[in-house]
Amino acid sequence: MSLKQYTGFTRLTERLHDAIINGKISHAYILEGDTGIDKEAFAKDFVKAILCREEPGYGCDHCRICRKIEHGNYEDMYMVKADDSSLKDAVISGLQADLKNKPAGGDRNIAIICDADTMTVRAQNRLLKTLEEPNAGTVILLLSENTENLLPTILSRCIVLRLGNYTRSLQNQAEEQSFAKELMEIIESGAYFCEIKDKLTKEIKDRKEAFALLDGLERLFRDRLLGGSTGSLRKEQIIRNIAYVEAARRDLLANVNYKYAIRNLVLKIGG
Ligand SMILES: [Zn+2]
């Protein structure tokens, strides 16, 4: 769709529109957003806005160029993805070779790197060379969920665009708090771990949600301590649980897999 239709982040799309119209497009962007945000669709719509001649700066969504971009068969647009859990050096190497081609349709080559945050360090170092010496007209879009996985040298050469920081609304916070409560009830009812695990898989889909759950749990435990009503838990157990939550938060910050960190925490709380 046209960038105009992204009413959720108008400030961002206006900024991009102005950059395109004024010929100030950067050669590399990181589009950062949670799992729930279709970064690939946004990247394509951004590319339309750059290349469309009917409605420059927004994309018309119906001309030949816009349609080709939408279908992923625009000749000068190269898209790569992680093959299993990571985006490998060889894929970036192939992309670099493609970007050396002279653009066939216009004056720009475009690269969309999906799952950029899963690039191996070797792949990142390889990409760095392209970011350091980009060919004229080349635009590289890195799509990422956990930008902290990217090397600082990569970050420093890209403009970071956050998609949908509006998702951290109060309503979401309330939902997270209520999931923390629900989770504690399940644990306290003595449910089997596999049952809890299924629930976690469904509710916690990325690191940010894992952090939010930890915040919710900690608040819950602290409220119980302050309120004097500790439910079925003894005071010492609650204090111990708060320490477990803090340890899990340190694990997440140290880049331990979020699923592992949360499951480990649940086992400790339940044990
Ligand atoms: Zn168009």
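Reading the values: the criteria
- Residues numbered from 1 in each chain as written.
- Predicted model: local features only at pLDDT ≥ 70, side-chain atom pairs only at ≥ 80, totals over all residues.
- Helix = DSSP H or I, 4+ residues; strand = E, 2+ residues; numbered from the N terminus.
- Buried ≥ 20, exposed ≤ 12 C-beta atoms within 10 Å, placed from the backbone.
- Contact = placed C-beta atoms within 7 Å.
- Core = buried A, V, L, I, M, F, W, Y, C linked by C-beta atoms within 7 Å.
- Domains from an automatic or database assignment.
- Nonpolar A, V, L, I, M, F, W, Y, C, P; charged D, E, K, R; others polar.
- Pairing = 2+ DSSP bridges.
- Axes fitted to C-alpha atoms, helices over the stretch in contact; angles between N-to-C directions.
- Expected span 1.5 Å × (residues − 1).
- Arc of directions from axis to C-beta.
- Parallel < 35°, antiparallel > 145°, perpendicular 65-115°, else oblique.
- Left-handed = near helix turned anticlockwise from the far one by under 90°.

Per the secondary structure count, the chain includes eleven helices and five strands. Taking the principal axes of the C-alpha coordinates as reference, the chain spans close to 70 × 40 × 30 Å. In the chain, buried positions account for 31% of the 271 residues. In the chain, once contacts between residues fewer than 6 apart in sequence are set aside, the share between residues at least 24 apart is 74%.

Core analysis: the largest hydrophobic core is formed by 43 residues, its most contacted members being Phe46, Ile113 and Leu141. Ranked by the residues each element gives to this core, the list is headed by helix H2 (residues 39-51), at seven residues. In this structure, Ala180, Ile204, Ala212 and Ala261 belong to the second largest nonpolar core, which totals 21 residues.

With that out of the way, let us pick up the domain arrangement of the chain. By domain assignment, the chain separates into domain 1 (3-167) and domain 2 (170-270). Taking only C-alpha atoms into account, the centre of domain 1 sits 36 Å from that of domain 2. Contact with domain 1, which involves five residues of that partner, is made by five residues of domain 2. Partitioning the side of domain 1 that touches domain 2 into residue classes produces no nonpolar, three polar and two charged.

Pairing is parallel in the open sheet, where five strands are placed in the order S2-S3-S4-S1-S5. Edge positions in the sheet fall to strand S2 (77-80) and strand S5 (159-162), since each of these pairs with one other strand and no more. Adjacent strand axes in the sheet meet at a mean angle of 20 degrees, parallel and antiparallel pairs treated alike. Looking at chain direction, strand S1 (residues 28-32) and S5 are connected through four bridges and run parallel. By the bridge assignment, leucine 31 is partnered in S5 with leucine 161.

With that settled, consider unusual backbone geometry. One non-glycine residue with positive phi stands out, namely aspartate 61, at about 80 degrees. Structurally, aspartate 61 is set in the loop between H2 and helix H3 (64-70). Owing to 20 C-beta atoms within 10 Å, aspartate 61 belongs among the buried residues under this scheme. A positive phi angle is found at aspartate 115, which is not glycine, with a value near 50 degrees. Taking the number of C-beta atoms within 10 Å as the measure of exposure, aspartate 115 has 20 and is therefore buried.

Inspection of the secondary structure puts aspartate 83 in the loop between S2 and helix H4 (89-99). Residues aspartate 83 and aspartate 115 lie 32 residues apart in sequence; the distance between their C-alpha atoms is 9.6 Å.

Bringing helix H5 (residues 121-132) into the picture now. Taking 1.5 Å of rise per residue, twelve residues should cover 16 Å, and H5 covers 16 Å from first to last C-alpha, within 8% of that figure. For H5, the elements touching its buried residues are H4 and helix H6 (152-155).

Next up on the list: helix H10 (residues 235-253). Taking 1.5 Å as the rise per residue, H10 with 19 residues should run 27 Å; its terminal C-alpha atoms sit 27 Å apart, in good agreement. Considered for burial, the residues of H10 that qualify are Asn241, Tyr244, Val245 and Ala248. Down the axis, H10 shows its buried residues gathered within 100 degrees of arc, on one side only. Projecting away from the buried face of H10 at angles above 90 degrees are the exposed residues Lys235, Glu236, Ile239, Ala243, Glu246, Arg250 and Leu253.

Contact pair helix H9 (residues 207-227) / helix H11 (residues 258-270): the axes reach a minimum separation of 9 Å and the direction vectors enclose 25 degrees. Classed by the angle they form, the pair H9 and H11 counts as roughly parallel. Read as a crossing pair, H9 and H11 show a hand that is left-handed. Along the contact surface, H9 presents Arg207, Ala210 and Leu213, while H11 presents Tyr258, Ala261 and Ile262.

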